[in-house]
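Geometric and topological summary
The chain contents come next:
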Amino acid sequence: MVNPVLLIAVPLGLAFAIPLFALFWKDAAKYISPVALGFNLVVSLLLLPKVLENPIIVSIGGWQPPFCINLVAGPVGVLFSTIIALVGLLVSIYALDYIKEGATEKYHMLYLLLLTGATGVVLTGDIFNLFVFFEILCISSYALVAYLRDKAGIESAVKYLIQGAVGSSLLLIGIGLLYGQFGTLNMADIAEKIASASPISLFVPMVLLITGLGVEAAIFPLNAWLPDAHSSAPSSISAILSGIAIEVGLYAVARVVFTIFGAQSFLLFLALLGILTLLVGEMCAFSQNNIKRMLAYSSIGQIGLILFALAIATSYGVTGGLFQLVNHTLSKALLFLAVGYMIYRTGSKEISSLEGMGKKMPLTCLAFTIGAFSLVGLPPFIGFPSKFLIVRAALATKETYFCVLIGLALFGTVIEGAYFFRVVQVLYFKGEKSNPGRKEAPVAALIPMFTLVALILVVGIYPKLVTDVLDSAASELLNRLDYIRSVLG
Amino acid sequence: MSFLNNYAYYIGAFGLIFIGLYIILVKHNLIKVIVGLGILDTGVNLFLISVGYITKGTAPIFSRPGIYSERMVDPVPQALVLTAIVIGVAVLALALSLAIRLYQHYGTLNLRKIREQKW
C-alpha cells in the first residue's frame, strides 16, 4: 500500500533539491516539477478507491492520535490532492515554455512548494500543521506574484503579503485560544471535546479562525488583495492561485465550520456571505476592461457560489459545492492558461485588443470559449451538472431564505454570462475581416489546455465519473462523528 | 492587583497585538507597517507562550530528581512558538525585500501614494 505521507514528502524534498540540480544543469529545474506532480497524481489516484471504503490515518512518530501529528487521507483529502496534482501537473507542463525570463529555478522551486503546502493543508489532521502548511502556501504565493518584478506585480505582492500576514496572525490566535481551552491540537480531538464547552467561549476562536482563513479564501469583505494579485502574477501562477490556492482556503473554512465546530447556526450567515461575495465579484467583473482582472473578479464570484452551496449543508448542497469547485478549478485554470498566450502575442491585457484573435489563434480561442461556457454553466460542459445540483439542493431545502438566495445567485450567473459572452464576441466577431497570419500557442501550452478541455467535456457529458467520490467527500464533511471515530478509533 | 498579577502576560500579549494592528491599519509608511507586522507576530507568540505557562514553573524534564509534573510548564506551545517565529522571520524578510523593490519602482514607500491598482 502507498503511504499518503509521500504526497507531501516527495514534492517537498524535490522542491529543495531544485536549486542543487540547477547548479549542474540549468534546465533540470523545469522538468522536476512535472515529475514530482506526476508522481503525486499517480499516488492520489491509487489511494482514491481505497479511501472511499476507509479513510487512511497516518500517525507520525509511532504515537497514537491525539498525541501525534497525523494525516487524515479521507475522501475529501484525497479528492483535493488529486485535483491539486492534476492541475499542478498540467500547469507545470505549460510553464516549460511559458516561463523564460528571470531566475527560472526559483520559480519552479516556489511553484512546487506552493503545491506541497496546498496538499499538506488538505491532508493534515492537526490544526497547527494546517497553519504551517498554509503559511508555506501563502509565502510562496506572495513571492510568485512578484516574480515578474514589474511595478504592478510588486505592488500587488505587498498588498497580498500585508493582508495575508494579518490573516495568518488571527488564525494563530484562534489556534492558541482553542489549545488553551482543550489542551489539544488534533482536529478530531478538539471536535470531540467541543460539545462540552460553552458556546460563548467558542465564538471568539471560531470567528478568528474563519476570518484568518477567509483572507486566503477571498470571502467578501476580505478579498481586496485578490484582483490585484491574480491579475499581475504570471498567467501560469494566476491559474494556480485561482484554481487551487483559494479553493484550499475554502476547504479549510469548510473543515473548521463543519468538522471542528459543527456550527449549524452559523451556516445561514455563511450562505449570506457567499451570495454577497458572488454578487460583488460578478458585478465588478462586468465593469472590467482588463481581461485578467475580469477573470480574477469572476473567481471571487465563483468562490461565493461554492461557499453558498457548502453552507446549504445538505448532502446535495455539499456535493454540488464540491462539484462546482472541481468545475471552477478546471475551467478557470483553462481560461488563465489560454489568456496567458493571447496576452503574450498581443502584448496588452485590454479586452478590446483581443479583436480578431479567433482567426489568429483558433485553438487557444476555442479553449477559452469552452472554459467560459463551462464556467457560465452551459451544457454539455461540466459547469451544467454542478450548477444544476446547487439549484436543486437550494430548492430542496424548501426554506424561503435559501430560495431567495439561489434566485440572487442565478441573477449573478446571468451577469457572468453577459461578460463572458462579450469577450467571446470580441474574439470571433469583431475586427477586420482580412485573414492575418496564424500564430498558435506552442505545443507545450496546447497539450495542457486540451487535456483540460477533454476533462471538462467528458465529466460534463458523464458526471457519474466523479459523483461517487464527491458524494462520499460530502458525507465526510457532514458526518463529523464518523470523522472523529475514524481518527480516534 | 491580583487580577494584574494573574493575567499580566495576557494583557501584555493582547496589548502588543492591538498595537501591531493599529500600526498596520493607520501608518502610511511601508517600513512602519512591516514593523507593525513584527509587533503583531511578537504579541501572538507571547500569547501562545502564556497559554502554557505556570508561574515559577520549570522545564519539563522528567529525569531530574525533585521535580513534579504540576510544576512543569506545557512544552507544546513553546514548540509552536519556535515554528511561528521561523514563519514570521520568513514573512518579514520577504516583506523587506519587496519594500526595496517597491522603492526602486516608485521612489517612495508611502502606501497612500502608490495607487496604480484600483477596483
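What counts, and at which threshold
- Residues numbered from 1 in each chain as written.
- Chains lettered and ligands numbered in written order.
- Predicted model: local features only at pLDDT ≥ 70, side-chain atom pairs only at ≥ 80, totals over all residues.
- Helix = DSSP H or I, 4+ residues; strand = E, 2+ residues; numbered from the N terminus.
- Buried ≥ 20, exposed ≤ 12 C-beta atoms within 10 Å, placed from the backbone.
- Rg over C-alpha atoms; globule rule 2.2 N^0.38 Å.
- Contact = placed C-beta atoms within 7 Å.
- Expected span 1.5 Å × (residues − 1).
- Core = buried A, V, L, I, M, F, W, Y, C linked by C-beta atoms within 7 Å.
- Nonpolar A, V, L, I, M, F, W, Y, C, P; charged D, E, K, R; others polar.
- Axes fitted to C-alpha atoms, helices over the stretch in contact; angles between N-to-C directions.
- Parallel < 35°, antiparallel > 145°, perpendicular 65-115°, else oblique.
- pLDDT = per-residue confidence, 0-100.
- Arc of directions from axis to C-beta.

1. Considerations on the overall build of chain A
Scanning chain A for helices and strands turns up 20 helices and two strands. Projected onto the principal axes, the alpha-carbon positions of chain A cover approximately 75 × 60 × 40 Å. Counting the 489 residues in chain A, one finds 62% classified as buried.

2. Thoughts on the overall build of chain B
When you go through chain B residue by residue, the secondary structure sums to three helices and zero strands. When the helices and strands of chain B are read in sequence order from the N terminus, they spell out α-α-α. Rg of the C-alpha trace for chain B: 20 Å, well past the compact-globule value of 14 Å for 119 residues, more than 25% over. Seen through its C-alpha atoms, chain B measures out along the principal axes to roughly 65 × 35 × 20 Å. Within chain B, buried positions represent 24% of all 119 residues. Counted over contacts in chain B with a minimum sequence separation of 6, partners at least 24 positions apart contribute 56%.

3. Regarding helix 8 (residues 199–217) of chain A
Residue and element names in this part refer to chain A. With 19 residues, helix 8 ought to run about 27 Å at 1.5 Å a step, and its terminal C-alpha atoms sit 25 Å apart, in line with that. Taken together, the buried positions of helix 8 are P205, M206, L208, L209, I210, G212, L213, G214, V215, E216 and A217. If you follow the buried residues of helix 8, they end up packed against helix 5 (127–145), helix 6 (151–182), helix 10 (235–261) and helix 12 (291–312). A218 lies just past helix 8 and shows a positive phi near 60°.

4. Section: the nonpolar core
Residues and elements named next belong to chain A. Counting 217 residues, the largest nonpolar core has A118, L137, L161, L307, F308, L334 and A338 as its most contacted members. With 18 residues, helix 10 is the largest single contributor of residues to this core. Leaving out residues up to four positions away in the same chain, F308 has contacts with A271, G274, I275, L278, L405 and A409.

5. As for the interface of chain A and chain B
Residue-level contacts link 27 residues of chain A with 27 residues of chain B. Counting only elements with at least two residues in the side of chain A that touches chain B, the list comes to helix 5 and helix 6 of chain A. Considering every element that reaches the side of chain A that touches chain B, the biggest residue donor is helix 6 of chain A, with 17 residues. Here the side of chain A that touches chain B is composed, by residue class, of 18 nonpolar, four polar and five charged.

6. Concerning the packing of helix 1 (residues 5–24) of chain A against helix 4 (residues 104–123) of chain A
To describe two helices that pack against each other, one gives the angle between their axes and the distance between the axes. Residues and elements named next belong to chain A. Close contact between helix 1 and helix 4 brings their axes to 9 Å; oriented N to C, the two are set at 170°. By the angle between their axes, helix 1 is roughly antiparallel relative to helix 4. From helix 1, L7, I8, P11, L12, L14, A15, I18, P19 and A22 reach across to helix 4, where they touch E105, H108, M109, L112, L113, L115, T116, T119, G120 and L123.

7. Examining the confidence of the model for chain A
Looking at chain A as a whole, the pLDDT averages 90, with 99% of positions reaching at least 70. Across chain A, the element-wise mean pLDDT spans from 84 in helix 14 (residues 357–360) of chain A up to 94 in helix 5 of chain A.

8. Observations regarding the confidence of the model for chain B
Put simply, chain B has an average pLDDT of 87, and 97% of its residues get 70 or more. At the low end of the mean pLDDT range in chain B sits helix 1 (residues 2–26) of chain B, at 89; at the high end sits helix 2 (residues 30–51) of chain B, at 94.

9. As for helix 19 (residues 464–478) of chain A
All names here are of chain A. Over its 15 residues, helix 19 extends 21 Å from the first C-alpha to the last, a length consistent with the 21 Å expected when each residue adds 1.5 Å. When helix 19 is considered as a whole, its buried residues turn out to be V466, V469, L470, A473, A474, E476 and L477. Projected down its long axis, helix 19 carries its buried residues within an arc of 155°, all on one side. More than 90 degrees from the buried face of helix 19, the exposed residues found are K464 and D468.

10. As for unusual backbone geometry
All names here are of chain A. With omega at 5°, the peptide bond leading from F220 into P221 counts as cis. As for its placement among the helices and strands, P221 is situated in the loop between helix 8 and helix 9 (226–232). Here the residue pair P379 and P380 is connected by a cis peptide bond, since its omega of 5° sits within 30 degrees of zero. Locating P380 in the fold gives a position in the loop between helix 15 (362–376) and helix 16 (383–396). Even without glycine at this site, A218 takes up a positive phi of about 60°. You can see A218 is positioned in the loop between helix 8 and helix 9.

11. So, the environment of A:L52
All names here are of chain A. Relative to the elements of secondary structure, L52 occurs in helix 2 (residues 28–53). Its 17 C-beta neighbours within 10 Å are what place L52 among the partly exposed residues. Each residue touching L52, except ones within four places of it in the same chain, is listed here: P75, V469 and S472.

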